[in-house]
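Below are the chains, spelled out letter by letter.
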Amino acid sequence: MNGGEKWAMPVAELERRRDGLLKWMDEAGVAVTVIIDAANLVYLSGIDIGGRLRGRAMVIAADGKHFFVTRSLERYWHEHWQTRTWCRDWALHEDTETLADALIRLAKSLCPGTIGRIGMDMTGLSPTVSFADAGRIAAVADDAVDANTCLTVLRRIKSTPERLALRRAGEISMEGAAAAAAAIHDGASGAEATAAAFRAIVGCEGSQSPISGPHVTSGPRTAMAHSTWNHAKPADGDCVVFVMTGTCQRYSTPIEWTVTRGEPSPARADLLATCTRASEAVLDGLKPGMSSHDGDLLCRRVIEDAGVSKYFMNRTAYGIGQSYGSWMESLVQLKPGDDTEIEPGMTMHVVPALHVPGHGFLIRTLAIEVTQTGCQSLRPPPRFASVL
């Protein structure tokens, strides 16, 4: 596990999450809840078997009786997870039985007789549970409600173990970026710098497969945000963009950072300085009790004052945490018109990106954690120069 046990979620933390769900079920009159979204499943159980996400789910009754549902071919993982989770009762299904049919069968076994209300995490469906299948599962009860009403509230405030994993992921991202910067400094191409970054990330204690990247690209190709690496060597004055998503215990803390190969033009240097100031304005100014809208303004006003607001086309920040399919968790955001209250424990990626013709993708992000009095970085400071 490459040392990942150090950052594993304690069983007490997983029990806290389960108890939060059970409390919601009691208050909402839910007899049984079916969890089919991969992120919700790992969040509640801590069980991360790896590989394809097909065929896994959870059924939990209001009294706490439950089944972790997976395919028969994964039966040998059961012993491994016995001491690592509260979720110890497994139900196996053969490939001849669909996951939906297994979930219907198990829900009925946990709640014999009439089921008044069933909870389902309806906003994220498993690769093996279609909308039609979700309807069949919901039909075992008289009424169905969305369990994400509870899970979103639980997941958007990060616990201490979650923040530790995010901080380690931030360190891993920075190791990758530093390796890429050193390679570019020594004359490497984007692909060669990407390989150096990947080598550094894989070598970090606690690292897991990045959800995306790493990617290093330069020149005109940087105009395509989140582009993959290129094989060109950056020319003098070119922008070079690093995209790293260090991951630990499925928690990702990204970095997107633009440097230049050689001295930039004065205009380019000013644009990059604006990106840096915009990120720092959020780090210095965001506090609990503010609205998402007001947090967005911290960044947006810096860009407006620099006269380049027409090149800022996105929200200021999105939530980060568990990464499944994307490093964006987006359970909280900083964006115009959003009156969501900022709370301690929220974690976000601040993305002051400028898309400027002739300059490409200019960005210097921060990953932040909201504290009781303000916020702090989830990543160490850059260990490389702005000009390589």
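Thresholds applied
- Residues numbered from 1 in each chain as written.
- Predicted model: local features only at pLDDT ≥ 70, side-chain atom pairs only at ≥ 80, totals over all residues.
- Heavy atoms only, no water.
- Helix = DSSP H or I, 4+ residues; strand = E, 2+ residues; numbered from the N terminus.
- Rg over C-alpha atoms; globule rule 2.2 N^0.38 Å.
- Buried < 20%, exposed > 50% of the residue type's maximum accessible area, 1.4 Å probe, protein only.
- Contact = heavy atoms within 4.5 Å.
- Areas by Shrake-Rupley, 256 points an atom, 1.4 Å probe, with all protein chains shown as cover.
- Pairing = 2+ DSSP bridges.
- Axes fitted to C-alpha atoms, helices over the stretch in contact; angles between N-to-C directions.
- Salt bridge = Lys/Arg side-chain N within 4 Å of Asp/Glu carboxyl O.
- Phe/Tyr/Trp six-rings, centres within 6.5 Å; stacked < 30°, edge-to-face > 60°.
- Arc of directions from axis to C-beta.
- Expected span 1.5 Å × (residues − 1).
- Left-handed = near helix turned anticlockwise from the far one by under 90°.
- Polar contact = N/O pair within 3.5 Å; in protein donor to acceptor, adjacent residues only side chain to side chain.
- Disulfide = S-S within 2.5 Å.
- Core = buried A, V, L, I, M, F, W, Y, C linked by side-chain atoms within 4.5 Å.

Student: Quick one: what's the story with the overall build of the protein, residue by residue and with numbers?
Tutor: Along the protein, the regular secondary structure elements total 10 helices and 16 strands. Relative to the compact-globule value of 21 Å for 388 residues, the protein shows a C-alpha radius of gyration of 23 Å, a close match. With respect to the three principal axes, the spread of C-alpha positions in the protein is 75 × 40 × 35 Å. When burial is assessed residue by residue, the protein has 57% of its 388 residues classed as buried. Considering only residue pairs separated by 6 or more positions, the protein has 69% of its internal contacts joining residues 24 or more positions apart. Counting only carbon and sulfur atoms, one obtains 53% of the accessible surface of the protein, whose full area is about 15,800 Å².

Student: Tell me about the sheet that holds strand S7 (residues 215-218), and name the residues and values.
Tutor: One open sheet accounts for three strands, arranged S7-S8-S9; its pairing is antiparallel. The sheet is open, and its two borders are formed by S7 and strand S9 (251-260), each paired with just one other strand. If you compare each strand with its neighbour and ignore which way they point, the axes differ by 10 degrees on average. Against the sheet, helix H7 (residues 160-185) touches S7, strand S8 (239-248) and S9, its axis set at about 145 degrees to S8. Contacting S7 and S8, helix H8 (residues 190-202) crosses the sheet at an angle of about 155 degrees to S7.

Student: Explain the pairing of S7 to me, using residue names and the numbers behind them.
Tutor: Side chains of S7 alternate between two faces, with His215 and Thr217 and Val216 and Ser218 buried alike. Direction of pairing for S7 relative to S8: antiparallel, over a ladder of four bridges. Looking at S8, one finds that Thr217 is bridged to Val241.

Student: Describe the pattern of salt bridges, and please don't skip the residues or the numbers.
Tutor: When charged atoms on two side chains of opposite charge get close, those side chains can pair. Within this structure, the stated rule accounts for 20 salt bridges. For Arg18, the salt bridge goes to Asp19, with nearest N and O atoms at 3.0 Å. For Asp19, a relative accessible area of 39% gives the class partly exposed. The partner of Asp133 in a salt bridge is Arg136, with the nearest N and O atoms 3.3 Å apart. Note that Asp133 and Arg136 are positioned in helix H5 (residues 131-138) at a spacing of three residues, about one turn of the helix. For Asp133, a relative accessible area of 17% translates into the label buried.

Student: Describe the packing of aromatic side chains, naming the residues involved and giving the relevant values.
Tutor: Under the criterion given, the structure shown has two aromatic pairs. Ring geometry for Phe68 and Trp90: centres 4.8 Å apart, planes at 45 degrees, overall tilted. Remark: Trp90 occurs in strand S4 (residues 90-93) and Phe68 occurs in strand S3 (residues 66-71); sequence separation between them is 22 residues. Centroid distance Phe242 to Phe384: 5.7 Å. Interplanar angle 85 degrees. Geometry classified as edge-to-face.

Student: Describe helix H6 (residues 148-156), naming the residues involved and giving the relevant values.
Tutor: Of all the residues in H6, the buried ones are Asn148, Cys150, Leu151, Leu154 and Arg155. Within H6, the buried residues cover an arc of 155 degrees as seen down the axis, which keeps them to one side.

Student: Could you give an account of H7, naming the residues involved and the relevant values?
Tutor: Think of an α-helix as 3.6 residues a turn; residues three or four steps apart then line up on the same face. For H7, which comprises 26 residues, the first-to-last C-alpha distance of 37 Å matches the rise-based estimate of 38 Å (1.5 Å per residue) to within 8%. Most of H7 is tucked away, with 19 of its 26 residues classed as buried. Just past H7, the residue Gly187 takes up positive phi, approximately 100 degrees.

Student: Would you mind going over the packing of helix H1 (residues 11-28) against H6 in detail, with residue names and values included?
Tutor: Packing of H1 against H6 leaves a shortest axis separation of 10 Å and a crossing angle of 145 degrees. Once H1 is placed against H6, the crossing between them reads as right-handed. Residues Arg17, Gly20, Leu21 and Trp24 of H1 touch H6, and the partners they reach there are Thr149, Cys150 and Leu154.

Student: Any chance you could break down the side chain of Ser173 for me, citing the residues and the numbers?
Tutor: Structurally, the position occupied by Ser173 is in helix H7. One polar contact links the side chain of Ser173 to the main-chain carbonyl oxygen of Thr253, over a distance of 2.5 Å. With sequence-adjacent residues up to four places away left out, Ser173 is seen in contact with Met244, Thr245, Gly246, Thr253, Pro254 and Ile255.

Student: An account of the environment of Ala278 is needed here, citing residue identities and associated values.
Tutor: With respect to the secondary-structure elements, Ala278 resides in helix H9 (residues 266-285). Placed 87 residues apart in sequence, Ala278 and Thr365 show a C-alpha to C-alpha distance of 9.2 Å. When residues no more than four places from it in sequence are discounted, the contact partners of Ala278 are Cys299, Val302, Ile303 and Pro352.

Student: Lay out the state of the cysteines with the relevant residues and their values.
Tutor: What the rule picks out here adds up to zero disulfides. As a non-bridged cysteine, Cys150 has Cys87 as the owner of its nearest cysteine sulfur, 16 Å distant. Residue classification places Cys150 among the buried residues on the basis of a relative accessible area of 6%. No disulfide involves Cys248; its nearest neighbouring cysteine sulfur is the one of Cys204, lying 10 Å away.

Student: Could you give an account of the nonpolar core, with specific residues and numbers?
Tutor: If you look at the biggest cluster of nonpolar residues, it comprises 39 residues, and the most contacted ones within it are Trp24 and Met58. Broken down by secondary-structure element, the contributors of at least two residues to this core are H1, helix H2 (38-45), strand S2 (57-61), H6, H7 and S8. Considering each element in turn, this core owes the most residues, five residues, to H1. The next biggest cluster of nonpolar side chains, apart from the first, holds 28 residues, and it includes Cys275, Phe312, Ile342 and Met348.

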